[in-house]
Amino acid sequence: MELEKITLPGLEEKRPLVIAGPCSAETEEQVMETARQLAAQGVKIFRAGVWKPRTKPGGFEGVGTEALGWLKKVKQETGMHVSTEVATAKHVQEALKFGMDLLWVGARTTANPFAVQEIADALKGVDIPVLIKNPVNPDLELWIGAIERLHNAGLRKLGVIHRGFSSYDKKLYRNLPQWHIPIELHRRIPNLPIICDPSHIGGRRDLIAPLCQQAMDLQFDGLIIESHNNPDLAWSDKDQQITPDVLSLILNTLVIREMNQTTESLAALRKQIDEIDMSLTELLAKRMRVAGEIGQYKKEHGMAILQATRYDEILSKRIAEGEIMGMSGEFMKTILEAIHTESVRKQMEIMNK
Ligand code: PEP
Ligand code: MN
């Protein structure tokens, strides 16, 4: 199958294209609050599941059509593009009625040619971007078959999402990445944008950052990441959702390497290191200045320099954040202690002035 190079909203910009939002739309407040935070972090495409395919009956099956109204409001209020999963012709009609900008086909649906054909028929003549998740089973031909069904229906803004493959014995990953499968798909259909879904591959918050980096190193075009304003209380997939703040930290720490590792790209990476070190130095200086002002306050109010509870709180919070971003707790502790020692020295200077 031949595909022309296509554009998806956001794809024209630098890698990675980012789609983020909660696993499920739960309430209007949760959707709007998460969306506002993501928009403030610069996310351009919002995701939320409205109809949720569940392994067993009785789980949260999604709010349904009502939630499409919330997504429409997200679009109006934040200007983000909005996207949701469709699994039937009825879903397609409703999603189009509410102005969705992008649709995706879920892993369970891709595995079923009847369902994919029904979606393709419902989309005939509609010019909307559609992302096709890999089927739950590691079957590249089935995945390509789904892409072909949509292509045959006239859809041209197609892309795929790699969300890993189901396996009987769950080990580290919720769904095995089997990277060779999306890589082979890219070889077979080179112009098809490939987006990685680290949330469903990892199934755990701490796996998201390393999976994002791996996807970037494998030249994936984008990332679709589940983000919720209060992940611990999420109604579905709570163990794998992260706050918009953590998402932004993860995205900001990604290293984007271009295709050919030449001397030139080594120079570019070194330039990135120089710039990052400069920002680190500036940030540290700023932190010391703020610590100095706190020292002044403590002096005026007769307070002790060392506030043990505050220091313990800073230490444990920062170490946990650092660990989410792939650094060791030991390393974080060393850095924080060094910074704290210098802050205390600054404050002593002020106290004794
Ligand atoms: C989802 O994106 O929330 C979802 C249900 O994913 P998948 O189809 O990959 O299981
Ligand atoms: Mn999910």
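Asker: Would you take a moment to explain the overall build of the chain for this structure?
Answerer: Counting secondary structure elements, the chain contains 13 helices and 8 strands. In terms of overall dimensions, the chain has C-alpha extents of about 80 × 50 × 40 Å along its principal axes. Across the 353 residues in the chain, those meeting the buried criterion constitute 45%. Long-range contacts, defined as pairs at least 24 residues apart, comprise 72% of the intrachain contacts of the chain with a sequence gap of at least 6. As presented, the chain carries roughly 18100 Å² of accessible surface, and 55% of it is formed by carbon and sulfur atoms.

Asker: I keep staring at the site of ligand 1 and nothing clicks. Help me out?
Answerer: Inspection of the region around ligand 1 gives Cys23, Arg47, Lys52, Glu85, Trp104, Gly106, Ala107, Arg108, Lys133, Arg163, His200 and Glu226 as its neighbouring residues. Lys133 places a polar side-chain atom, nitrogen or oxygen, 2.7 Å from an oxygen atom of ligand 1. A distance of 3.4 Å separates an oxygen atom of ligand 1 from a polar atom in the side chain of His200. For ligand 1, whose accessible area on its own is 300 Å², the fraction buried by protein is 97%. Looking at side-chain class alone, the shell around ligand 1 contains 3 nonpolar, 2 polar and 7 charged residues.

Asker: For this particular structure, what's the right way to read the side chain of Ser236?
Answerer: Here Ser236 lies in the loop between strand 8 (222–226) and helix 10 (244–252). Assessed through its relative accessible area of 4%, Ser236 is described here as buried. Sequence-distant contacts of Ser236, defined by excluding residues within four places in its chain, comprise Cys23, Ser24, Glu26, Lys52, Arg54 and Gln241.

Asker: What is the right way to read the domain arrangement of the chain from this model?
Answerer: Interfaces are often sized by the amount of accessible area the parts lose when they come together. Here the chain is partitioned into domain 1 (17–252) and domain 2 (264–351). If you average the C-alpha positions of domain 1 and of domain 2, the two centres end up 37 Å apart.

Asker: Before we go on, may I ask you to explain the packing of helix 6 (residues 140–152) against helix 7 (residues 180–188) in this structure?
Answerer: For any two helices packed against each other, one specifies the inter-axial angle together with the distance between the axes. Two elements in contact, helix 6 and helix 7, have axes whose closest approach is 10 Å; the angle formed by their N-to-C orientations is 45°. With respect to their mutual orientation, helix 6 and helix 7 come out oblique. Of the two possible hands of crossing, helix 6 and helix 7 adopt the one that is right-handed. Packed against helix 6, whose contacting residues are Leu140, Glu141, Trp143, Ile144 and Ile147, the element helix 7 presents Ile181, Pro182, Glu184, Leu185 and Arg188 at the interface. Within the contact of helix 6 with helix 7, the residues separate by chemical class into 7 nonpolar, no polar and 3 charged.

Asker: Got a minute to help me understand the side chain of Glu85 in this structure?
Answerer: Relative to the helices and strands, Glu85 is located in strand 3 (residues 81–85). No salt bridge is formed by the buried Glu85, whose closest oppositely charged neighbour, Lys52, lies at an N-O distance of 4.7 Å. Within the structure, the side chain of Glu85 is placed 3.5 Å from the side chain of Trp104, a separation counted as a polar contact. Those residues in contact with Glu85 that lie beyond four places of it in its chain are Ala48, Trp51, Pro53, Trp104, Gly106 and Thr109.

Asker: Looking at this model, I keep getting lost on the coordination of the manganese ion (ligand 2). Mind explaining?
Answerer: Ideal coordination angles are 109.5 degrees for a metal with four donors arranged tetrahedrally and 90 or 180 degrees for a metal with six donors arranged octahedrally. In the first shell of the manganese ion (ligand 2), the protein supplies Cys23 (SG), His200 (NE2), Glu226 (OE) and Asp237 (OD), at 2.1 to 2.4 Å from the metal. Counting the intervening residues between successive donors of the manganese ion (ligand 2) yields the motif C-x176-H-x25-E-x10-D. You can see Cys23 sitting in the loop between strand 1 (17–21) and helix 1 (28–40) and its partner Asp237 sitting in the loop between strand 8 and helix 10, a full 214 residues away along the chain.

Asker: Help me understand the nonpolar core in this model?
Answerer: Within soluble globular proteins, side chains that are nonpolar generally end up buried alongside one another. Within the largest apolar cluster, 67 residues are counted, with the highest numbers of intra-cluster contacts made by Phe46, Leu71, Leu123, Trp143, Ile147, Leu150 and Leu185. Counting residues in each nonpolar core, the second largest holds 11 residues, with Leu8, Leu17, Ile45 and Leu131 among its members.

Asker: What's the story with the sheet that holds strand 1 in this structure? I'm lost.
Answerer: Strand pairing within a sheet occurs via backbone hydrogen bonds; the two strands may be parallel or antiparallel. Strand order in the closed barrel formed by 8 strands is 1-2-3-4-5-6-7-8, and the pairing between neighbours is parallel. For this sheet the average axis-to-axis angle between neighbouring strands, irrespective of direction, equals 25°. Pairing between strand 1 and strand 8: 5 bridges, direction parallel. Bridged to Leu17 within strand 8 is Gly222. In this fold helix 9 (residues 208–217) packs onto strand 7 (194–196) and strand 8, with an angle of close to 165° to the strand it touches most, strand 8.

Asker: Sorry, what's going on with helix 13 (residues 329–351) here?
Answerer: One full turn of an α-helix is made of 3.6 residues, so residues set three or four places apart face in the same direction. When the terminal C-alpha atoms of helix 13 are compared, their 32 Å separation across 23 residues agrees well with the 33 Å that a helix rising 1.5 Å per residue should span. Taken residue by residue, helix 13 has Gly329, Met332, Leu336, Ile339, Ser343, Gln347 and Ile350 as its buried positions.

Asker: Explain unusual backbone geometry here, please?
Answerer: Most peptide bonds are trans, and most residues other than glycine sit at a negative phi. A cis amide bond links Arg15 with the next residue in sequence, Pro16, at an omega value of -10°. Topologically, Pro16 is positioned in the segment before strand 1. In this model, Asp237 sits at a positive phi of 50°, which is unusual for a non-glycine residue.

Asker: Explain helix 2 (residues 65–78) to me, please; I cannot follow it from the model alone.
Answerer: If you check helix 2, its first and last C-alpha atoms are 20 Å apart, about what 14 residues at 1.5 Å a residue would give, namely 20 Å. Those residues of helix 2 that fall on the buried side of the exposure criterion are Ala67, Leu68, Trp70, Leu71 and Val74. Down the axis of helix 2, the buried side of the element spans an arc of 155°, and every buried residue falls inside it. Structural note: helix 2 exposes Glu66 and Gln76 on the side pointing more than 90 degrees away from its buried face. Buried residues belonging to helix 2 abut helix 1, strand 2 (45–47), strand 3 and helix 3 (89–97). Phi turns positive, to about 80°, at Gly79, one or two residues after helix 2.

Thresholds, definitions, all that
Residues numbered from 1 in each chain as written. Chains lettered and ligands numbered in written order. Predicted model: local features only at pLDDT ≥ 70, side-chain atom pairs only at ≥ 80, totals over all residues. Heavy atoms only, no water. Helix = DSSP H or I, 4+ residues; strand = E, 2+ residues; numbered from the N terminus. Buried < 20%, exposed > 50% of the residue type's maximum accessible area, 1.4 Å probe, protein only. Contact = heavy atoms within 4.5 Å. Areas by Shrake-Rupley, 256 points an atom, 1.4 Å probe, with all protein chains shown as cover. Near = heavy atom within 4 Å. Polar contact = N/O pair within 3.5 Å; in protein donor to acceptor, adjacent residues only side chain to side chain. Nonpolar A, V, L, I, M, F, W, Y, C, P; charged D, E, K, R; others polar. Domains from an automatic or database assignment. Axes fitted to C-alpha atoms, helices over the stretch in contact; angles between N-to-C directions. Parallel < 35°, antiparallel > 145°, perpendicular 65-115°, else oblique. Left-handed = near helix turned anticlockwise from the far one by under 90°. Lys, Arg positive; Asp, Glu negative; His and termini not counted. Salt bridge = Lys/Arg side-chain N within 4 Å of Asp/Glu carboxyl O. Donors = N, O, S within 2.8 Å, 3.2 Å for Na, K, Ca; no water. Core = buried A, V, L, I, M, F, W, Y, C linked by side-chain atoms within 4.5 Å. Pairing = 2+ DSSP bridges. Expected span 1.5 Å × (residues − 1). Arc of directions from axis to C-beta.

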